[in-house]
Amino acid sequence: MRSSVLLLPLCLLLWTAVHAQQPPVNPALLKGHWPASWITCPGAPLRSYGVYHFRKTFTLAQQPAQFVVHVTADNRYRLFVNGTPVCNGPARGDLYNWYFETIDIAPYLKAGVNSIAALVWNMGEEAAVAQISNQTAFLLQGNTDNEKLANTDGAWKVMENKAYHPCSLNNGARLRSYMVIGPGDSVQAALYPWQWEQTGYNDQQWLSARKLTSPVPVGYGTDNLWTLAPRNIPLMEETLQRITAVRRSNDIQVPDAFLQGRQALTIPANTTVSILLDQTFNTVAYPELTASRGKGAVIKLTYAEALFNKNGKGNRNDIEGKQIAGNYDVFGPDGGSKRLFRPLWLRTYRYLQLDITTKEEPLIIDDLYGMYTGYPFVQKAAFTSNDASLQDIWNVGWRTARLCAGETYYDCPYYEQLQYEGDTRIQALISLYVTGDDRLMRKALLDFYYSRVPEGLTQGRYPSNRLQVIPPFSLYWVSMIYDYFIHHRDERFVQQFLTAAEGVLNWYEQHIDTTRHMLGPMKWWNFTDWNHAFPNGVPDGATDGNSAVITLQYVYTLQQAATLFSYFNKQPQAARYRKIAADLSKGTYQACFDAGKSVMANTPARNTFSQHASILGVLTGTVPAPQRQAVMQKVLYDTSLSQATFYYRFYLTLALKKAEMGYLYYSQLTPWRDMLRNGLTTFAENPDPTRSDCHAWSASPNYDFLATICGITPASPGFRKVQIKPHLGELQKAAGRMPHPDGEIQVTLERIGTQGIHAEIILPAALTGSFTWNGKSIPLKGGRQTIKL
């Protein structure tokens, strides 16, 4: 919140400058107590909801060439230097790894009087489940003695902002959905300390901050409230994003120039209006609304991915007979000029509705727009084909993946913003293939590593302030380690996880039914997929014993672990994992394969059948090679099998390739085409009726267009060799490029007749591998090569 948007273009430039500069941390600060103090507001309830402002004013003889500070807060902060917003955070972590940001604020300082100011908030009991917290606090530490005058201590001033109250608290119940992203903001402008972040603001009536404790990095201290770790991902992107269209308004005309930022909108006194705006695509942003006059008015901003009627969402483009429902904020103007409302946390929306009631004074809406935000991924991959509709799937998939990537991967940005292993594995592969940026994947691997419970399992989602254990997701964490090992080359990073991976695999080993040679009864939530035949997503036998689905997922992970441990010279573990996998595979096949139906049953009772059991049967090699294609034909076309949702079709594709049927992938894109026809601009959690319209586990085509259609996959650890094995299906032409640790891989493919292929391939100079088509393989070397088969 600030009183003017005149500096907006400058702010965008400054955000760019901050992203470009990530100075190193003074090594001395990573080896013991920091000179600065954690500070808080005297007399404030430290674990309850509250919004606070911290300030320090100081004088510099000249503008410094460098002024590096480390900053963090609990729950969160937004930092201003001389009135300019320069940073927000901290990146979500936990009390053991409480992240701090390192920034050089020298470009925003000047000779003379300067101010550093921080907006700090604690959502208390209303906090998002992804938010771990101890108590309200703020910390800023200069990197060296040159910056120590900025250190947080008792000389800092603080005030509690009584303008804020939580709202939008019961949306989960109203939408009948699990919703845990935190509250909306209700802000009364009359109580807001406007201009508080500006250098000349008079803070003499503010309190002196109370020192709480001495900060310490991870590995130090004896009575810690937090242990500090350097932020390991870049700062989030913020980009101006104009709202595109007015879809509905009552009692007022909204000119196009208003949405374009060229004309203010005046709401007459003693009027109630409702304006439905359409971004035309789903987005994640900080909405910023600037208002003048309108004392006593009430502005409600409601955000939704889609509109609703009694039948649900329907086509997302249609609004007739539909209403908005969902998360909202409330702003109460005080009659002042250019009052800017910006919520404390990001919002997800395609539709944004303004419901405005004015009193005796007209209200002027000076401007309204979004500041798009998210992890600053840069798309480096591309895919084209003779089917132009695949470009729409690619674009919508990439938008889906981007909206589900912030300081962690999100399962969905509207309802949860939680990082789950099952979702994250697919998201991370998309990130690697489309951007080559592995930093968010590395953070995710570490987050789950830090989440482990005493039994050896990871938590099913993390960071999280509620405990949730999903044992199959712990297996996906091991698969993520394997994925990183295969695609990137940081062996030291991978090795740190091996002992923890053993803990996960050993937990499962303790649950083996040695009579059946399958997994026996298991505790916790054994979620597999939101298949309607699986109660609460749990397949038959997972809880009471002898689930083919869970047993074979364990086999799949053991096979990956055997490769991983063998590479790191842990041969006894690798041999053990191979033997367990072979025994369980044989036992499950004997107990669950129904020869008459030519599919795997869910349990030895052979009375329920799913696509999932057969998918894993093929993917693990449990189903013998001569039977795999017949089994996959049943998986694809036998509708008596309970069906995989969008999420699990990622594994269906892997099984098709295992059965040498990858050519059918193109024909299996109907669910994504249906979503586009239904007006979705991001891919949904499930087929309609669905809760979330944006769920990154459904963005797998952005991986498979490159890994399946173009056929680009690693052929050795670290992607030191490549296999290119295209699966064009009915396509006549396809081309793709993707980042690789050594550069870029480019593949251009064109059919010759019905069986032939013409391929142009460009590899990084040091990369070798093979090209395979219709069972014939040709060696590849670095550089450009042409293949005709």
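Keep in mind that this is a model prediction, so the values were computed, not measured.

Asks: Where do I start with the overall build of the chain in this structure?
Replies: The secondary structure content of the chain amounts to 16 helices and 36 strands. In terms of C-alpha radius of gyration, the chain reaches 28 Å, essentially the compact-globule figure of 28 Å for 789 residues. Along the first, second and third principal axes, the C-alpha atoms of the chain reach 80 × 60 × 55 Å. Buried residues in the chain amount to 63% of all 789 residues. The contacts of the chain with a sequence gap of at least 6 include a subset with a gap of at least 24, amounting to 75%. Distance between charge centroids for the chain: 3 Å, based on 73 positive and 64 negative side chains.

Asks: Would you take a moment to explain the packing of helix 5 (residues 421-434) against helix 7 (residues 471-487) for this structure?
Replies: Two numbers describe a pair of packed helices, the interaxial angle and the distance between the axes. The contact between helix 5 and helix 7 brings their axes to 8 Å, and the two run at 15°. Looking at the two axes, helix 5 sits roughly parallel to helix 7. Taken as a pair, helix 5 and helix 7 cross one another with a handedness that is left-handed. Residues E421, G422, D423, T424, R425, L429, L432 and Y433 of helix 5 form the contact with helix 7, whose own contacting residues are F473, S474, Y476, W477, S479, M480, D483 and H487. For the contact of helix 5 with helix 7, the residue count by class is 7 nonpolar, 5 polar and 4 charged.

Asks: Sorry if this is basic, but what is going on with helix 9 (residues 498-509) here?
Replies: A turn of α-helix holds 3.6 residues, and therefore any two residues three or four places apart point the same way. Counted at 1.5 Å a residue, the expected span for helix 9 with its 12 residues is 16 Å, and the 16 Å between its end C-alpha atoms agrees. The element helix 9 is largely enclosed, with a buried count of 9 among its 12 residues.

Asks: Could you clarify how one ought to interpret the nonpolar core in this entry?
Replies: What tends to happen in soluble globular proteins is that the nonpolar side chains get buried as a cluster. Formed by 150 residues in total, the largest nonpolar core has its most connected members in W477, Y651, I745 and F771. Here the element with the most residues in this core is helix 10 (residues 548-567); it accounts for 12 residues. Contacts of F771, omitting those with residues within four sequence positions, involve I724, P726, L749, I757, A759, I761, K776, S777, I778, L780, I787 and L789. Ranked by size, the runner-up nonpolar core spans 44 residues in total, among them W121, I275, L277 and Y303.

Asks: Looking at this structure, how should I read the pattern of salt bridges?
Replies: Close approach of charged atoms allows side chains of opposite charge to pair. In total, this model carries 33 salt bridges according to the counting rule given. We note a salt bridge from R316 to D693, for which the minimum N-O separation is 2.8 Å. Here R316 is found in the loop between strand 19 (298-304) and strand 20 (328-332), whereas its partner D693 is found in the loop between helix 15 (670-677) and helix 16 (701-709), with 377 residues between them in sequence. Note on R316: relative accessible area 2%, which makes it buried. A relative accessible area of 2% means that D693 is categorised as buried. For the salt bridge of R489 with D742, the shortest nitrogen-to-oxygen distance reads 2.9 Å. A residue pair is termed long-range when its members are at least 10 positions apart, and R489 in the loop between helix 7 and helix 8 (491-495) and D742 in the loop between strand 31 (733-740) and strand 32 (743-752) qualify at 253 residues.

Calculation rules
Residues numbered from 1 in each chain as written. Predicted model: local features only at pLDDT ≥ 70, side-chain atom pairs only at ≥ 80, totals over all residues. Heavy atoms only, no water. Helix = DSSP H or I, 4+ residues; strand = E, 2+ residues; numbered from the N terminus. Rg over C-alpha atoms; globule rule 2.2 N^0.38 Å. Buried < 20%, exposed > 50% of the residue type's maximum accessible area, 1.4 Å probe, protein only. Contact = heavy atoms within 4.5 Å. Lys, Arg positive; Asp, Glu negative; His and termini not counted. Charge placed at Lys NZ, Arg CZ, Asp CG, Glu CD. Axes fitted to C-alpha atoms, helices over the stretch in contact; angles between N-to-C directions. Parallel < 35°, antiparallel > 145°, perpendicular 65-115°, else oblique. Left-handed = near helix turned anticlockwise from the far one by under 90°. Nonpolar A, V, L, I, M, F, W, Y, C, P; charged D, E, K, R; others polar. Expected span 1.5 Å × (residues − 1). Core = buried A, V, L, I, M, F, W, Y, C linked by side-chain atoms within 4.5 Å. Salt bridge = Lys/Arg side-chain N within 4 Å of Asp/Glu carboxyl O.

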